[in-house]
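Commentary on secondary and tertiary structure
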Amino acid sequence: MSWTEVVIEIARDHAEALSDALMEAGALSVSVEDADEGTEDEKPLFGEPGMEPTEAAWDHSRVVALTDTDADQLAIVTEAAQAVKLAVVPAFTTRKVEDADWVRLTQSQFEPIHIGKNIWVVPSWHEAPDPSGLILELDPGLAFGTGSHPTTRLCMEWLEAHPAPGKSVLDYGCGSGILAMVAKKLGAQDVAGVDIDPQAIESARANAERNKVEIDYYLPDTFAASGNERHAGGKFDIVVANILSSPLKLMAPMLAGRVAAGGSLILSGVLARQAEEVAAAYAPFIKLGVWAEQDGWVALHGTLGQDSAPPPRSGG
């Protein structure tokens, strides 16, 4: 089976509206690209998580619509142009898209990821490059956390640098459960994960089972009212939260309140320029400092009961 792509170059003002209209007119999918990609005029669109660009379009945009090969591409473009009240039907080109083994093609984009000194995140279709390492079998999915993002890597590296055999760990905002699994494989005894997304909890439980580790996962309400006495209002030797700066600031009393005396709090999902304001939100409860920075993101850490923040990672 094959498909036909319709390629239209158009000004920013019409790109999104035309995309929607093409879908209504029968396109199977539509994407918007920078028509100046690869030239000196290319303009990347940047956006932080939770602060994405308001408009996915460029001054010189390229709209690409996927259609069935036997569809009437001219009719689709004409109907879409009329729907958005363009004065003329825009010129377009077509190109054939051959069928492919899309599963294999997608899998080929995800290789094992080496993190820290000895951690490997390995998709199920790959062999572990170093079987003696700390291996996490984890496939890309809907839940955040495969080790590819700097914030996840920083938290994993902190856990590796501060193993806590026999201690308790709380992963708040657990996503795929990757941080909880790292802690468990490093020897933590009692590990719990919490996330607001039921799908993330389902994914985390499946990942824990696949990696043969016992971890308790909760939605926030069930965590707060847990019948498990270890967790209902309990405190943990290590609390790690890889979320975003705004919710981290709002949750300061709750997260700090989950840290046991002498325990550690690790926060990430924080841009370097946000570090001071996040640390200030936690200052009444625990003194936080930057442990390490990677690609503009930082991990903050602190020890409950200490008068000052612990030092950053050596060399980091």
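Along each chain, residue indices are assigned from 1 in the same order as the chain's sequence is written. Only residues with pLDDT of at least 70 are given local features in this predicted model, and only at 80 or more are side-chain atom pairs given and counted; all residues enter the totals for whole chains, interfaces and linings. With hydrogens and water stripped out, all remaining heavy atoms of the structure feed into the side-chain values.

The chain goes by Ribosomal protein L11 methyltransferase in an unreviewed UniProt entry, where it is assigned to Massilia arenae. UniProt positions are given in the numbering used here, feature names are shortened, and annotations may be inferred rather than shown by experiment. According to the UniProt record, the Sequence similarities (unreviewed entry) comment for the chain reads "Belongs to the methyltransferase superfamily. PrmA family."

Let us now look at the packing of aromatic side chains. Only rings of Phe, Tyr and Trp enter the pairing, Trp through its six-membered ring, and a pair is recorded when the two centres are within 6.5 Å. The plane angle decides the type: under 30 degrees is stacked, over 60 is edge-to-face, the rest tilted. Taken as a whole and assessed by the stated rule, the structure comprises three aromatic pairs. Residues Tyr172 and Phe223 carry aromatic rings whose centres are separated by 6.4 Å and whose planes lie at 70° to one another, so their mutual orientation is edge-to-face. Pair noted here: Tyr172 is in strand β8 (residues 168–172) and Phe223 is in helix α7 (residues 220–224), with a separation of 51 residues, a long-range link. The burial state of Tyr172 is the same as that of Phe223; both residues are buried. Look at Phe223 and Phe236: their rings are 6.5 Å apart centre to centre, the planes differ by 35°, and that puts the pair in the tilted class. Highlighted residues: Phe223 in helix α7 and Phe236 in strand β11 (residues 236–242), separated in sequence by 13 residues. Starting at the N terminus, helices and strands are each numbered in turn, a helix being any DSSP run of H or I of at least four residues and a strand any DSSP run of E of at least two. Partly exposed residues are those whose accessible area sits between 20% and 50% of the maximum for their type, while under 20% is buried and over 50% is exposed, using a 1.4 Å probe and protein chains only.

We count a salt bridge whenever a side-chain nitrogen from Lys or Arg sits within 4 Å of a carboxyl oxygen from Asp or Glu. Under the definition given, this model contains six salt bridges. Two residues, Arg62 and Glu33, come together in a salt bridge whose shortest N-O distance is 3.2 Å. Taken together, the positions of Arg62 in strand β3 (residues 60–68) and Glu33 in strand β2 (residues 29–34) put the pair 29 residues apart, joining distant regions of the chain. The class for Arg62 is buried, based on a relative accessible area of 15%. Judged by relative accessible area, which is 25%, Glu33 ranks as partly exposed. Taking the shortest distance from any N to any O, the salt bridge between Arg313 and Glu157 comes out at 2.8 Å.

In this analysis, strands are considered paired if DSSP registers two or more bridges between them. Strand order in the open sheet formed by four strands is β2-β3-β1-β4, with antiparallel pairing between adjacent strands. The sheet is open, and its two borders are formed by β2 and β4 (93–98), each paired with just one other strand. Sheet twist, expressed as the average angle between the axes of neighbouring strands with direction ignored, equals 25°. Sheet analysis places strand β1 (residues 2–11) next to β3, joined by nine bridges and oriented antiparallel. Note on method: axes are straight lines fitted to C-alpha atoms, helices fitted across the in-contact stretch only, with angles between N-to-C directions ranging 0 to 180 degrees.

Turning our attention to the sheet that holds strand β14 (residues 297–303). With mixed pairing, the seven strands of this open sheet are ordered in space as β10-β9-β8-β11-β12-β14-β13. Single-partner strands in this sheet number two, and they are β10 (216–218) and β13 (289–294). Put simply, the sheet's adjacent strands are angled 15° from each other on average, direction ignored. With three bridges joining them, strand β9 (residues 190–194) and β10 adopt parallel strand pairing. Looking at the pairing, Gly193 lines up with Tyr217 of β10. The contact criterion used throughout is that any non-hydrogen atoms of two residues lie within 4.5 Å. Its contacts with the sheet place helix α4 (residues 150–161) against β11, β12 (259–271), β13 and β14, and it is angled at close to 125° to β13. Across the sheet, helix α10 (residues 275–282) touches β12, β13 and β14, and the angle it forms with β12 is around 150°.

With 13 residues, helix α6 (residues 198–210) should cover 18 Å at 1.5 Å per step; its first-to-last C-alpha distance of 19 Å lies within 8% of that length. Taken together, the buried positions of α6 are occupied by Ala200, Ile201, Ala204, Asn207 and Ala208. Considered in projection along α6, the buried side chains sweep an arc of 130° and stay on one side of the axis. Counted as exposed and oriented over 90 degrees from the buried face of α6: Pro198, Glu202 and Glu209. On its buried face, α6 is in contact with α5 (178–185), β9 and β10. The N-terminus of α6 is capped by Asp197, whose side-chain oxygen sits 2.9 Å from the backbone nitrogen of Gln199. At the C-terminal side of α6, Lys212 shows a positive phi close to 55°. To estimate the expected span of a helix, subtract one from its residue number and multiply by 1.5 Å. Summarising the geometry, the arc corresponds to the directions from the helix axis toward the C-beta atoms. Here a polar contact means two N or O atoms within 3.5 Å. Within protein one must be a hydrogen donor candidate and the other an acceptor candidate, and residues neighboring in sequence count only if both atoms are side-chain atoms.

Right, let's talk about the packing of helix α1 (residues 12–24) against helix α2 (residues 73–83) for a bit. Between α1 and α2, the least distance of the axes is 8 Å, while the angle of their chain directions is 130°. In terms of axis orientation, α1 runs oblique to α2. In the crossing of α1 with α2, the sense of the turn from one axis to the other is right-handed. Between α1 and α2, the residues in contact are Leu18, Ala21, Leu22 and Glu24 and Ile76, Val77, Glu79, Ala80, Ala81 and Ala83, respectively. Of the residues contributing to the contact of α1 with α2, the split by class is eight nonpolar, no polar and two charged. We call two directions roughly parallel when the angle between them is under 35 degrees, roughly antiparallel when it is over 145, roughly perpendicular when it lies between 65 and 115, and oblique otherwise. Crossing handedness follows the turn of the near helix against the far one: under a right angle anticlockwise gives a left-handed crossing, and clockwise gives a right-handed one. Three classes are used, and their members are as follows: Ala, Val, Leu, Ile, Met, Phe, Trp, Tyr, Cys and Pro are nonpolar, Asp, Glu, Lys and Arg are charged, and the others, Gly among them, are polar.

Further remarks concern the environment of Pro220. Along the chain, the position of Pro220 falls in helix α7. It is 6.2 Å that separates the C-alpha atoms of Pro220 and Ile196, two residues lying 24 residues apart in sequence.

What follows is about the environment of Glu37. Relative to the helices and strands, Glu37 resides in the loop between β2 and β3. Overall, Glu37 belongs to the exposed group, its relative accessible area being 52%. Spatially, the C-alpha atom of Glu37 lies 9.8 Å from that of His60, the residues being 23 residues apart in sequence.

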